[in-house]
Amino acid sequence: MSRPVVVVGSVNLDRSLYVEHLPAPGETVLAHDRHVCVGGKGANQGVQAATSGARVIFIGAVGRDEHAKFARRALAEAGVTAVLEECDEPTGQASITVDDAGENCIVVDSGANAAISEAAAVDALREVSHEGPLVLVCQGESPAAIVDAVAHFSVQGGHRFVLNLAPVIDVNVATLRTSDPLIVNESEAQSLLARFEVPGAASLTLALHAALGVPVVVTRGAQGADVVERDGEFMHVPAVTLTGSVVDSTGAGDALVGGTAAALSAGQVLVDAVQAGVGAAASVLGRRGASPHQHAPTGRGEATR
Ligand code: RIB
């Protein structure tokens, strides 16, 4: 029987502007389109895991504001059960710029995501863990203490801990060593490796595996993903050939993580799960925004199209 996927992570309101090219420092460019939807790496991963067929519970924090209502609605529409702590901080927001090649720049205002309390997160985990072993998923948009607490909870309860350290934050080494797998992109892998001394590994994935001794996935965009299993076996998962052009790469990495987590929860081995994740990532590249659930407040200045 498949395990529930429990994502402990961020949820944001994403405002994306579409431009011909990303502005250089000091440059002003004019947008030719806009899009507003619910995002946040945690929420995106939860939504994708549900889309890929998993039963998903999302644990996070929102403000006492309109954006929180949109987040709740979007998660519910995606079939994700949301356990959201209400904080005094506003719901997280992301300001995203996407160029005509689909590349993006993202600035996140964490808001409530940074204010989530460890006690609330762990209480919520205790509630849902009655159902048996879980696949627990965290990202680097949560405070390091929360990620460390989820890893600790995972070890104690015999759950599977999937860590997408995006962005790289200063979690405990014990947390990194609990990951099964650790999923990072190439620049995150490089910045994480700066914490360790690994002589002469043939790839970033092998170097992280040598440093941590856990299964590692390094995502490589159009090159697919590299996987190193716990026993050190290296495998490359090629990217899926796209049928259309890339409209917006925002959330593609999250789709990979969510798709992988869903496949792991259904009992697939890591390399097959990553193959499913790579397919999920390809499936979102032709749409605008990080999630299919487009929401906007009714107030002025928040129109969607
Ligand atoms: O990975 C994409 C996500 O990063 C966006 O949805 C944005 O909210 C930021 O968290």
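Residues numbered from 1 in each chain as written. Predicted model: local features only at pLDDT ≥ 70, side-chain atom pairs only at ≥ 80, totals over all residues. Heavy atoms only, no water.

**Remarks on the confidence of the model for the chain**
Summing up the model confidence of the chain, the mean pLDDT is 94 and the portion of residues at 70 or higher is 96%. In the predicted structure, residues 297-305 sits below a pLDDT of 50 and forms 17 contacts with residues beyond four places in sequence or in another chain. (pLDDT = per-residue confidence, 0-100. Contact = heavy atoms within 4.5 Å.)

**Brief notes about the side chain of Thr219**
Looking at the element boundaries, Thr219 is found in strand E11 (residues 216-219). The class of Thr219 is buried, set by a relative accessible area of 16%. With sequence-adjacent residues up to four places away left out, Thr219 is seen in contact with Ile183, Val184, Asn185, Glu186, Gly224, Ala225 and Leu256. (Helix = DSSP H or I, 4+ residues; strand = E, 2+ residues; numbered from the N terminus. Buried < 20%, exposed > 50% of the residue type's maximum accessible area, 1.4 Å probe, protein only.)

**Side note on helix H4 (residues 144-157)**
Across its 14 residues, H4 extends 20 Å between first and last C-alpha, which sits within 8% of the 20 Å expected from 1.5 Å per residue. Of the residues making up H4, those classed as buried are Ile146, Val147, Asp148, Ala149, Val150, Ala151, Phe153 and Ser154. On its buried face, H4 is in contact with strand E1 (5-8), helix H3 (118-128), strand E8 (135-139), strand E9 (160-164) and helix H5 (173-176). (Expected span 1.5 Å × (residues − 1).)

**Side note on the sheet that holds strand E6 (residues 92-98)**
Read from one edge to the other, the open sheet built from four strands follows the order E3-E2-E6-E7, with strand pairing classed as mixed. Each having just a single partner strand, strand E3 (33-39) and strand E7 (104-109) make up the two edges of the open sheet. Strand-to-strand twist of the sheet, defined as the mean angle between neighbouring strand axes without regard to direction, takes the value 15°. Sheet analysis places E6 next to E7, joined by six bridges and oriented antiparallel. (Pairing = 2+ DSSP bridges. Axes fitted to C-alpha atoms, helices over the stretch in contact; angles between N-to-C directions.)

**Focus: the pattern of salt bridges**
All told, the structure shown has 11 salt bridges when counted by the stated rule. Two residues, Arg126 and Asp123, come together in a salt bridge whose shortest N-O distance is 3.4 Å. Residue Arg126 and its partner Asp123 are located together in helix H3, separated by three residues, close to a single helical turn. Under the relative-accessibility criterion, Arg126 is labelled partly exposed at 48%. Because the salt bridges share partners, they merge into one network encompassing Arg64, Arg72, Glu86 and Asp88. (Salt bridge = Lys/Arg side-chain N within 4 Å of Asp/Glu carboxyl O.)

**Looking at the packing of helix H8 (residues 252-265) against helix H9 (residues 270-284)**
Across the interface, H8 lies against H9 with an axial gap of 7 Å and an inter-helix angle of 140°. What the angle tells us is that H8 and H9 run oblique. Crossing handedness for the pair H8 and H9: right-handed. Mapping the contact onto sequence places Ala252, Ala255, Leu256, Gly259, Thr260, Ala263 and Leu264 in H8 and Leu270, Ala273, Val274, Ala276, Gly277, Val278, Ala280, Ala281 and Val284 in H9. Of the residues in the contact of H8 with H9, the class split is 13 nonpolar, three polar and no charged. (Parallel < 35°, antiparallel > 145°, perpendicular 65-115°, else oblique. Left-handed = near helix turned anticlockwise from the far one by under 90°. Nonpolar A, V, L, I, M, F, W, Y, C, P; charged D, E, K, R; others polar.)

**Overview of the side chain of Asn164**
Examined against the element boundaries, Asn164 turns out to sit in strand E9. The class for Asn164 is buried, based on a relative accessible area of 5%. Dropping the residues within four chain positions of it, Asn164 is found in contact with Gln45, Cys138, Gln139, Gly140, Ile183, Asp254 and Val257.

**With respect to the sheet that holds E1**
In spatial order, the strands read E5-E4-E1-E8-E9-E10-E11-E12-E13; together these nine strands make up an open sheet with mixed pairing. Across the chains shown, the open sheet's two edge strands, defined by having one partner strand only, are strand E5 (80-86) and strand E13 (234-237). Neighbour-to-neighbour, the strand axes of the sheet open up by a mean angle of 20°, direction not taken into account. Contacts from helix H6 (residues 186-193) reach strand E10 (182-185) and E11, with the element oriented near 110° to E10. This element, H8, spans E1, E8, E9, E10 and E11 of the sheet and lies at about 165° to E8.

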